[in-house]
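Remarks on the overall topology
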Amino acid sequence: MKYLYPIALIILSFNILLAQQENVPIDHNVYVFLKEMKVKKIISFIHDDNPKMSRSEVRKYLEVIESKKDLLSQTEKKLLKKFQDEFYDDKADSTNTMQFLGKTEKFSKDIFDMFSQKIKYIYAYREEKANLYLEMIGRAMYGQNIKEEVNNSELFDIGFRLRGTLFDRLGYNLTVQKGAVAGSTNYATVFDPRLKYNFKFYENIENVSNYDFTEGYLRYYTQPVENMDLSFQIGREKIKLGYGYGSKLVLSGDHPYLDFIRMDFNYGIISFSSLHATTVGEFHEDRSLNYTKFYAYNKMKFMFKNLFEAGIGEAVIYTGRGIDLAYLNPFAFYKFEEMSLQDRDNGVLFLDFQSDFLKDIEFQATFFLDENILSHLQDLELFSNKTAYQIGAFWYSPLSINDLSLILEYTKIRPYVYSHTNLKNSYTAHGELLGHRIGPNADEIYLSLSYNLNERLRTNFQYQHIRKGKNIYDASGNLVFNAGGNPFEAYRYEIDPQYIKFLDGERINQDIFAINIRYEPFREVFFDLNYNYTIEKSITKSKNRFSSYAYLKMSLEF
């Protein structure tokens, strides 16, 4: 009998881990905490090349961190407790959780707990095989443009998130936001870049400038054998793919949400992910010119504990037809399939690496190859060598300073990367890059310093030095010289030069300084104060431009 209790406890813990299969939003600050713990070698293999995690997976990592609690700083211990309150659903009670609506014997209903450090729900329903959580999400934001001209914008939105898990296997989520803009609509896109690809915002046919966003999905998770994770998902949400501290070469996340079906598999040293998604091209007033784009990727990664992770992936963009069954196949090499389909589509290949052999220091590298697989890679100035690479390092607790993060990264993207001879197959969605924010014919030095003053206050400083070669146009807007700096203008055979120098064209240098302070006075109520200053120098035209803006944002999620 003495052995039955620990066995039962293990079985119960396993069932708890399976309990919540809905995903944690990719901008949740728990991902920052897990990343820092990974670099500190408290945990390993958080697959931040494919960063989305379920609540049960996050809990599993938190339990590992708990087992090594003695190695944490005081602030890290407080952050751990903060996230345990949020992700240990079975331990939620009136001491750490409140509920606004509905009957509950377990959670607090004291209205003054709204101004406490307790987790908050509008409504919660929990049974053994089914649960539902209703959360309100909202934001009020004031942005002030300072240079070159003074102007401001105010953004207000409100919505809800309905999430939960059925039968310990099926996670679900429905998120809806509706907002409005007051003041300058031009500068609103500076303070919230998502508005650039929001149809309701740029359509602007109503008496109030407004916008909306929605996400939703079903995610099924199973463990066919012990330590084998397999999940299937259909829906829409923000996703990222590939390594990169500042921005990512493959899928940056700074683009419209994709509608997708997806499979993720992890077992032993192997991790595999496959996705097939739809999005749209640029908007045209003539609606008959608008079209659907398809995006698909496969990625396989090998993980060697205390050494490194290495992956290889491929992606393809295609248009002009319905779903192509060739790209629905997760076990095929897309580039060769594309050749068999008469070379109509835009295929890319990428290799990446992340170190795991040093405590407190991590290295990352990505090589991105757009279309051309084998030919003339040694001739770097040939127009068809559409390559990019990124290398970076993450140093946590540098010089033994607890709770400090230092990141340094360099990115170089050659001319014509992300473009395609068929404009519709450019590496874009709704007119925005799917890949790195600097675009083709550019490079960037990225520096980031972050410090947790305590579990509720975090500061961040970022610096970017960006060099870019832009295409040259005449006074009428006609393209005079194609430097490969625009993803919507591909190489033109018999017009553009066969060889192109990196950063050729109109040379622009930018130095961008940004400071952000995030404070959480009450649990799930955040205040962000951000200041951004940019120095832009046109080396070609010998002109300088200075711009700056600041914003204050209050957001809530309960």
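From a predicted model like this one, the values you see are computed outputs, not experimental measurements.

Another point: the overall build of the chain. Helix and strand counts for the chain stand at eight helices and 25 strands. Taking the principal axes of the C-alpha coordinates as reference, the chain spans close to 80 × 55 × 55 Å. Burial analysis of the chain (558 residues in total) assigns 53% to the buried set. Excluding contacts between residues fewer than 6 apart, the proportion of contacts in the chain whose partners are at least 24 apart in sequence is 61%.

Let's shift gears to the nonpolar core. Among the nonpolar cores identified, the biggest contains 28 residues, and Tyr295, Phe368, Tyr418 and Tyr427 are the most heavily contacted of them. At the level of secondary structure, the elements contributing two or more residues to this core comprise strand E9 (258–267), strand E10 (270–280), strand E11 (292–304), strand E12 (308–318) and strand E13 (346–355). One finds Val24, Tyr31, Val39 and Val58 within the second-largest nonpolar core, a separate group that totals 26 residues.

Let's shift gears to the pattern of salt bridges. For side chains bearing opposite charge, pairing can occur when the charged atoms are close. The final tally for this structure, using the stated rule, is 46 salt bridges. Here Lys38 and Asp356 are joined by a salt bridge, their closest N and O atoms 3.9 Å apart. With a gap of 318 residues between them, Lys38 in helix H2 (residues 30–39) and Asp356 in the loop between E13 and strand E14 (361–370) connect regions that are remote in the sequence. In this structure, Lys82 engages Glu520 in a salt bridge whose closest nitrogen and oxygen atoms are separated by 2.4 Å.

In this structure the tally under the stated criterion is three cavities of 30 Å³ or more. The computed volume of the largest cavity comes to approximately 70 Å³. Where the lining of the largest cavity is concerned, the elements lending two or more residues are E12, helix H8 (334–340) and E13. Looking at the lining of the largest cavity residue by residue, the class counts come to seven nonpolar, one polar and four charged. Taken as a whole, the second largest cavity encloses approximately 50 Å³ of empty space. The wall of the second largest cavity is formed by Asp85, Glu86, Tyr88, Asp89, Ala92, Thr97, Ile119, Tyr121, Arg126 and Tyr133.

Each value, and the rule that gives it
- Residues numbered from 1 in each chain as written.
- Predicted model: local features only at pLDDT ≥ 70, side-chain atom pairs only at ≥ 80, totals over all residues.
- Heavy atoms only, no water.
- Helix = DSSP H or I, 4+ residues; strand = E, 2+ residues; numbered from the N terminus.
- Buried < 20%, exposed > 50% of the residue type's maximum accessible area, 1.4 Å probe, protein only.
- Contact = heavy atoms within 4.5 Å.
- Core = buried A, V, L, I, M, F, W, Y, C linked by side-chain atoms within 4.5 Å.
- Salt bridge = Lys/Arg side-chain N within 4 Å of Asp/Glu carboxyl O.
- 1 Å grid on protein atoms, 1.4 Å probe; cavity = no way out; pocket = protein on both sides within 12 Å on 5 of 7 lines; lining within 4 Å.
- Points joined across faces, edges and corners; volume = space filled by probe spheres on them.
- Nonpolar A, V, L, I, M, F, W, Y, C, P; charged D, E, K, R; others polar.

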